[in-house]
Amino acid sequence: QVQLVESGGGLVQSGGSLRLSCAASGSIFSFTYMGWYRQVPGNQRELVAAITSDGSTNYSDSVKGRFTIARDNAKNTVYLQMNTLKPEYTAVYYCNAHLRVRLGGPANAYWGQGTQVTVSS
């Protein structure tokens, strides 16, 4: 059974920084994709940043230049460094991973439980 556990959320003032972590555990063979999404009540979950198995990254326009996604393959962990935070970034942040549990198997999607990020003005 694969689990994704996020940590690092909290309350921070506008202009501050937070670093989110997402650790994957269980029977994992390889990752194809890991990403961070966020959701505000009443809105759809939206992509914030993603990183693929070859290291390519993608960011939403609203966070480019402020957020950095990185991964540690040895630890099966993905990070989201969030700098110069703004109140409109307040949301629940979710980790998403597409991974294979065996060689040649399908890449299935998994979600973490979410971590609250609150940016005060």
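Thresholds, definitions, all that
- Residues numbered from 1 in each chain as written.
- Predicted model: local features only at pLDDT ≥ 70, side-chain atom pairs only at ≥ 80, totals over all residues.
- Heavy atoms only, no water.
- Buried < 20%, exposed > 50% of the residue type's maximum accessible area, 1.4 Å probe, protein only.
- Helix = DSSP H or I, 4+ residues; strand = E, 2+ residues; numbered from the N terminus.
- Pairing = 2+ DSSP bridges.
- Phe/Tyr/Trp six-rings, centres within 6.5 Å; stacked < 30°, edge-to-face > 60°.

A. Region of the structure containing the pairing of strand S4 (residues 30-39). Burial analysis of S4 places seven of its 10 residues in the buried class, the great majority of the element. Where S4 and strand S9 (residues 91-100) come together, nine bridges link them in antiparallel fashion. Paired with Gln 39 across the bridge in S9 is Val 92. Direction of pairing for S4 relative to strand S5 (residues 46-52): antiparallel, over a ladder of six bridges. Bridge assignment links Tyr 33 to a residue of S5, and that residue is Thr 52. Connecting the antiparallel pair S4 and S5 is a turn made up of six residues, with Gly 42 showing a positive phi of about 90°.

B. Summary view of the packing of aromatic side chains. Throughout the structure, instances matching the rule amount to three aromatic pairs. Taking the centre distance of 5.2 Å and the plane angle of 65° together, the rings of Phe 67 and Tyr 89 count as edge-to-face. Taken together, the residues Phe 67 in strand S7 (residues 67-72) and Tyr 89 in the loop between strand S8 (77-82) and S9 connect sequence positions 22 residues apart. Judged by its relative accessible area of 3%, Phe 67 is buried. Taking the centre distance of 6.5 Å and the plane angle of 85° together, the rings of Tyr 94 and Trp 111 count as edge-to-face. Of this pair, Tyr 94 sits in strand S9 while Trp 111 sits in strand S10 (residues 108-111); the two residues are 17 residues apart in sequence, bridging distant segments of the chain. Overall, the relative accessible area of 40% leaves Trp 111 in the partly exposed class. Linked through ring pairs, Tyr 37, Tyr 94 and Trp 111 together constitute an aromatic cluster.

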